[in-house]
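# Report on the structure
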Amino acid sequence: MNRTSYTGVAMNCLFCRILQGEIPSQPVYSDDLCYGFADIQPQAPTHLLLIPRRHIRSLAETSAEDASLLGHLMTKAAEIARQQNLSGGYRVVVNTGENGGQTVEHLHLHLLGGRAMHWPPG
Ligand code: 5GP
Ligand code: ZN
């Protein structure tokens, strides 16, 4: 059962627990709508995660009502990339669902940089 409280927090969600401070994380950005922190298993010299404070299971669960939040996440990813000096370029990834490789069911943007990325991804 996915218990979601009135604040939009899912009690059994890893990233909601990180947002609540129950699980420690290394912060890089925070505002009313989202939180950015270092990935625990970095796949590039810079590997950050940016998540909405509201529990949304995946990009597949979003709709037009979420457009401003999604826009906020994208523009903040670009702002964080500038702060992280990723002027040579970077990659923003949103793994979605099982085939998309999503392992944590709380919407998140990966911000990867500091090395050249390959295409196509695996
Ligand atoms: P996904 O595979 O769902 O797109 O990405 C989940 C990401 O969360 C992975 O890159 C994984 O390394 C990261 N992750 C999993 N558990 C933790 C944790 O406890 N703390 C942090 N900071 N990152 C985590
Ligand atoms: Zn959550």
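So, here's what we can say about the structure. Bear in mind that the values here come from a model prediction, so they are computed numbers and not experimental data.

## Considerations on the coordination of the zinc ion (ligand 2)
Here the zinc ion (ligand 2) is held by the protein donor atoms C13 (SG), C16 (SG), H55 (ND1) and H106 (ND1), which lie 2.0 to 2.3 Å from it. Coordination at the zinc ion (ligand 2) is tetrahedral, judged from the 4 donor atoms that bind it and the angles of 106 to 118° they form at the metal. In primary sequence terms, the donor set of the zinc ion (ligand 2) follows C-x2-C-x38-H-x50-H. Within this pair, whereas C16 is found in helix α1 (residues 14-19), its partner H106 is found in the loop between β4 (90-93) and β5 (109-113), the two being separated by 90 residues in sequence.

## Re a nonpolar patch on the surface
Taken together, the side chains of M74, Y90 and V92 make up a nonpolar region of the molecular surface, amounting to roughly 260 Å² of accessible area. Within the fold, Y90 resides in strand β4. On the basis of relative accessible area, Y90 is assigned to the partly exposed category, the value being 38%.

## Overview of the packing of aromatic side chains
Enumeration according to the criterion identifies 2 aromatic pairs in this entry. Aromatic pair Y35 and F37: ring centres 5.3 Å apart, planes at 15°, arrangement stacked. A single burial state applies to Y35 and to F37, both of which are buried. One aromatic cluster is present, built from ring pairs that chain together F15, Y35 and F37.

## Re the pattern of salt bridges
Enumeration over the complete set of coordinates arrives at 5 salt bridges. We note a salt bridge from E105 to R57, for which the minimum N-O separation is 3.8 Å. Of the two residues, E105 is situated in the loop between β4 and β5 and R57 in the loop between β3 (46-52) and α2 (67-83); the sequence distance between them amounts to 48 residues. The class for R57 is partly exposed, based on a relative accessible area of 36%. Here E79 ties to K76 by a salt bridge, and the two come within 3.0 Å at their closest N and O atoms. In this pair, E79 and K76 both sit in helix α2, 3 residues apart, roughly one turn of the helix. Here E79 falls in the partly exposed class, since its relative accessible area comes to 27%.

Cut-offs applied
Residues numbered from 1 in each chain as written. Chains lettered and ligands numbered in written order. Predicted model: local features only at pLDDT ≥ 70, side-chain atom pairs only at ≥ 80, totals over all residues. Heavy atoms only, no water. Donors = N, O, S within 2.8 Å, 3.2 Å for Na, K, Ca; no water. Tetrahedral: all angles 85-135°; square planar, octahedral: opposite > 155°, others 65-115°. Helix = DSSP H or I, 4+ residues; strand = E, 2+ residues; numbered from the N terminus. Patch = residues over 30% accessible without salt bridge, like charges linked within 9 Å, V, L, I, M, F, W, Y side chains within 5 Å. Areas by Shrake-Rupley, 256 points an atom, 1.4 Å probe, with all protein chains shown as cover. Salt bridge = Lys/Arg side-chain N within 4 Å of Asp/Glu carboxyl O. Buried < 20%, exposed > 50% of the residue type's maximum accessible area, 1.4 Å probe, protein only. Phe/Tyr/Trp six-rings, centres within 6.5 Å; stacked < 30°, edge-to-face > 60°.

By themselves, these are just geometric observations and shouldn't be taken as functional.
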